[in-house]
Amino acid sequence: MLKKFLLLTILSVLAFGFWLSPDFKEIAAGVSIFLFGMLSLEQGFRAFTGGVLERLLLKTTNKLWKSLSFGVISTTLMQSSSLVSIIAISFLSAGLITLTAGVGIIFGANLGTTTGAWLLAAFGLKVDIAAYAMPMLVFGVILIFQKGRTIKGTGYILAGLGFLFLGIHYMKEGFDAFRETIDLSRFAVGGYPGVFLFVLIGLIATVVMQSSHATLVLIITALAAKQVTYENALALAIGANVGTTISAIIGAIGSNVNGRRLAGAHLIFNLVTALVAIGLIYRLTEAVDQISIWLGIGKHDYTLKLAVFHSLFNALGIVLMLPCLKPMVRMLERLLRPRVRSAAQPHFLHDAAFELPDTAIQAVRQETLHLYDNASEVIANGLGLPLDEILNGKPLEKVVSKIRSPIHFDVDENYNENVKGLYGEIVEFISRAQSNMTPEQSDELFSLRAAGRDIVEAIKDTKHLHKNMSRYLRSEELAIRSEYDKLRLNLAGVLRALDEVRKQGHESTAILSLDELKGQMKQYDWDLNIRMNQWVRDERITAPVTISLMNDSRYAYQVTKNLVKMGGVLFSTAERPLREAEQSVSLDERELAEALGTPNNEKGGTNDEHP
Amino acid sequence: MNIRKLAERTRAFLDSDERKRKEKRKFLKHVIKKLKKHEKTLIKKLECEADDSKRAEIEVKIALTHAQRKKGLSKLEEFKKPSKVKAP
């Protein structure tokens, strides 16, 4: 309700302003064109995500200075601290970077955004910027109509720059014309009351426009047209710096606790920097004068001096806040605690992950790993073995022989509680995340969805296995009991081996060693057939028991096959092309049988062909 | 570099299929190299192993690694640049 009222008020004030002054209309149109240019620029840069940007971000955030540099450089290149903040929040919520790295990026982005003021003051106001805008718009729009993703992205960037330049031109023209009718500098307020008032105006303007860049352009063009005093312009720049945190806060709403912590760090940094800048504004102005003399900036070139001030107080903020970074991160971690989530609830699927295709894929990967964690509990319990006992490194023979009590575990109930709903959430997230993805990225999502389905299939086969296992583990016939123990032992071995492979996901040979598990289970199945033939001939077991054992061996093989398939997709941490190469050399049923010298049965029913 | 070579290189750079083919070959070669190294390590391990059951386990591992490497090599052949067929 408040939002609607606010929107209506803004629209009414603007309409009244347009009716009152055509020059104001020109300035407002300039701001709108500028903001549209920023949107177009963002859209263009998004076309290049899903590769270069993500790889760069992952490689350049292992040290604080690297995160800082990434923030400075990426914001300088993209001219949008909001986009960099959103990318950082998105990466953080998908678990790709640490909170410290995210904070480093945000600090860097604050310094990087000051290059906009330099570009505008040094270049934008001194040349006929509209002359550059026109060809950019024409070429940009032509490229937007092309099919290729990269070429389309380039078109959006060109058109975006064109609109930015055109917006600046209209703002400049508007203020120049405005000067002839109204002198806004008459409303200048001196001293600290003026500082506080204009900080507030800068803050509100940035919150409304959601772009400190746009506010800064407005300030610089107004300053160049002498519609605002230098002192008040400095205060407006401070206000714009605080107001820019609104994008990060909005971006963090759909994010997890880490995203909110990062938005908190952004707010703290900008508030502290603003307070220091307000407190030291007159000292900083003197420092700006000194630096301007060193840089050869004219005494009355206030637009460039504003750019110096903007960079100076942001750099000062970084110098002040860097030593406090770790305590600040600890404080945020203490204050903003993650909500306690049950195992059945998704932990990584947040709206913030939709911002970039690669973060959406990473979120799905993490969540599917979480699904596997839940599923492996169900599978282990279905075998009557606690998962921690399987994974703790003890000899599995001892673990299996120790636990022989009847299995009181409802596989179906646990599947419905901890797996089914979570898998449903993953599938729904995938269907929502697919728009705006390259075919390769969509393929990766499909393979992750298939990995989830393999996990579910493995549970279903465990459920079938569980029924007979509960019965025959108490059989009076030692051979039967021992055969079911072997099945349990093999499957426990599969779970343990998968856990070990998961820990060394960066190693291609570890991922490919998963084929061995299938091989071992196939070998076991073959040996079991030989043993059973002998037992049937010796009349040691009845026909129904033979059939049960044959079916259960097949179920165990299916569980292994599905889990191995899932492990190949889910556990590899290598880059996408390397993962694809690993998967391409993984052996199928026929190749596996050929390598082991066992008969092949493509349909997976390995017992149908008796030795 | 003559003009024809330059044009060929530019075409290869702009051709996304060609780039993908090269990328696939590069990563496949990397995996094959790793498998070869792994196979050699397993063979050495087998030579030092006296226990029969452990030897059998290692032999299975060698057989599978070998099969994976062979599969990789045949895939590598598939990704080879198609040879130019001269017009008769």
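Numbers given to residues run from 1 along each chain, matching the order in which its sequence is written. Chains and ligands are labelled sequentially in the order written, the chains with letters from A and the ligands with numbers from 1. For this predicted model, a pLDDT threshold of at least 70 governs which residues receive local features, and a threshold of 80 or more governs which side-chain atom pairs are given and counted, while totals over whole chains, interfaces and linings are taken from all residues. Note that water and hydrogens are dropped before the side-chain values are worked out from all heavy atoms of the structure.

Attention shifts here to a nonpolar patch on the surface. Residues and elements named next belong to chain A. Side chains of Leu 6, Ile 10, Leu 200, Ile 204 and Val 208 sit close together on the surface and give an oily, nonpolar patch of about 430 Å² of accessible area. Elements with a contribution of two residues or more to the nonpolar patch: helix H1 (2-20) and helix H10 (191-209). Under the scheme used here, helices are H or I runs from DSSP no shorter than 4 residues and strands are E runs no shorter than 2 residues, and both carry numbers assigned from the N terminus. Top contributing element to the nonpolar patch by residue count: H10, with 3 residues. Along the polypeptide, Leu 200 turns up in helix H10. Assessed through its relative accessible area of 46%, Leu 200 is described here as partly exposed. Residues enter a patch when their relative accessible area is above 30% and they make no salt bridge; the linking distance is 9 Å between like charges and 5 Å between nonpolar side chains (Val, Leu, Ile, Met, Phe, Trp, Tyr). What sets the accessible areas is the Shrake-Rupley method with a 1.4 Å probe; for residues, cover comes only from the shown protein chains. In the sections that follow, a salt bridge refers to a side-chain nitrogen of Lys or Arg positioned within 4 Å of a carboxyl oxygen of Asp or Glu. Summary of the burial criterion: residues with accessible area below 20% of their type's maximum are buried, those above 50% are exposed, and those between are partly exposed, where the area comes from a 1.4 Å probe applied to protein chains only.

Right, let's talk about the side chain of Thr462(A) for a bit. All names here are of chain A. Relative to the assigned elements, Thr 462 resides in helix H22 (residues 439-472). Among the residues examined, Thr 462 registers a relative accessible area of 1% and is labelled buried. The criterion used for residue contact is that any of the two residues' heavy atoms lie within 4.5 Å. Sequence-distant contacts of Thr 462, that is, excluding residues within four places in its chain, are made with Ile 379, Gly 382 and Val 559.

Time to look at the environment of Leu336(A). All names here are of chain A. Summarising the element assignment, Leu 336 is placed in the loop between helix H17 (325-335) and helix H18 (357-382). It is 7.8 Å that separates the C-alpha atoms of Leu 336 and Arg 260, two residues lying 76 residues apart in sequence. Those residues in contact with Leu 336 that sit more than four places away from it in its chain are Val 257, Arg 260 and Arg 261.

This part takes up the interface of chain A and chain B. On the side of chain B, 18 residues touch chain A, which itself brings 20 residues to the contact. Put simply, buried area is how much 1.4 Å-probe accessible surface two parts lose in total, over both of them, once they are put together. Taken together, the two surfaces of chain A and chain B that pack against each other cover about 1,800 Å², and 70% of this comes from carbon and sulfur. Sorting the residues of chain A by area buried against chain B places Thr509(A), Glu516(A) and Val585(A) first, and these three jointly supply 28% of that buried surface. Notably, a salt bridge pairs Glu591(A) with Lys71(B), separated by 3.1 Å at the nearest N-O pair. Polar contacts, as counted here, are pairs of nitrogen or oxygen atoms within 3.5 Å of one another; within protein the pair requires one atom able to donate a hydrogen and one able to accept it, and residues that are adjacent in sequence qualify only if both atoms are side-chain atoms. The tally of links from chain A across to chain B stands at 4 residue pairs in polar contact (both at pLDDT 80 or more). Those elements that provide at least two residues to the side of chain A that touches chain B are helix H24 (508-512), helix H25 (514-537), helix H27 (576-585) and helix H28 (589-596) of chain A. Side-chain classes are defined by residue name, with Ala, Val, Leu, Ile, Met, Phe, Trp, Tyr, Cys and Pro counting as nonpolar, Asp, Glu, Lys and Arg as charged, and the others, Gly among them, as polar. The class makeup of the residues in the side of chain A that touches chain B is 9 nonpolar, 4 polar and 7 charged.

This part is about the nonpolar core. Residue and element names in this part refer to chain A. What is meant by a nonpolar core is a set of buried Ala, Val, Leu, Ile, Met, Phe, Trp, Tyr and Cys residues, joined one to another through side-chain atoms within 4.5 Å. Judged by nonpolar contacts, the single largest core of 86 residues is most densely connected at Phe 34, Val 103, Phe 107, Ile 238, Leu 262, Leu 306 and Phe 309. Every residue in contact with Phe 309, bar those within four places of it in the chain, is listed here: Leu 234, Ile 238, Ile 281, Leu 284 and Val 288. Membership of the second largest hydrophobic core comes to 81 residues, among which are Ala 360, Val 378, Ile 403 and Met 550.

Let us look at the confidence of the model for chain A. Across chain A, the average pLDDT comes to 82, with 92% of residues at or above 70. Ignoring residues within four places in sequence, the model shows residues 602-611 of chain A, a span with pLDDT below 50, making 30 contacts including any to other chains. For every residue, the pLDDT score states the predictor's confidence, bounded by 0 at the bottom and 100 at the top.

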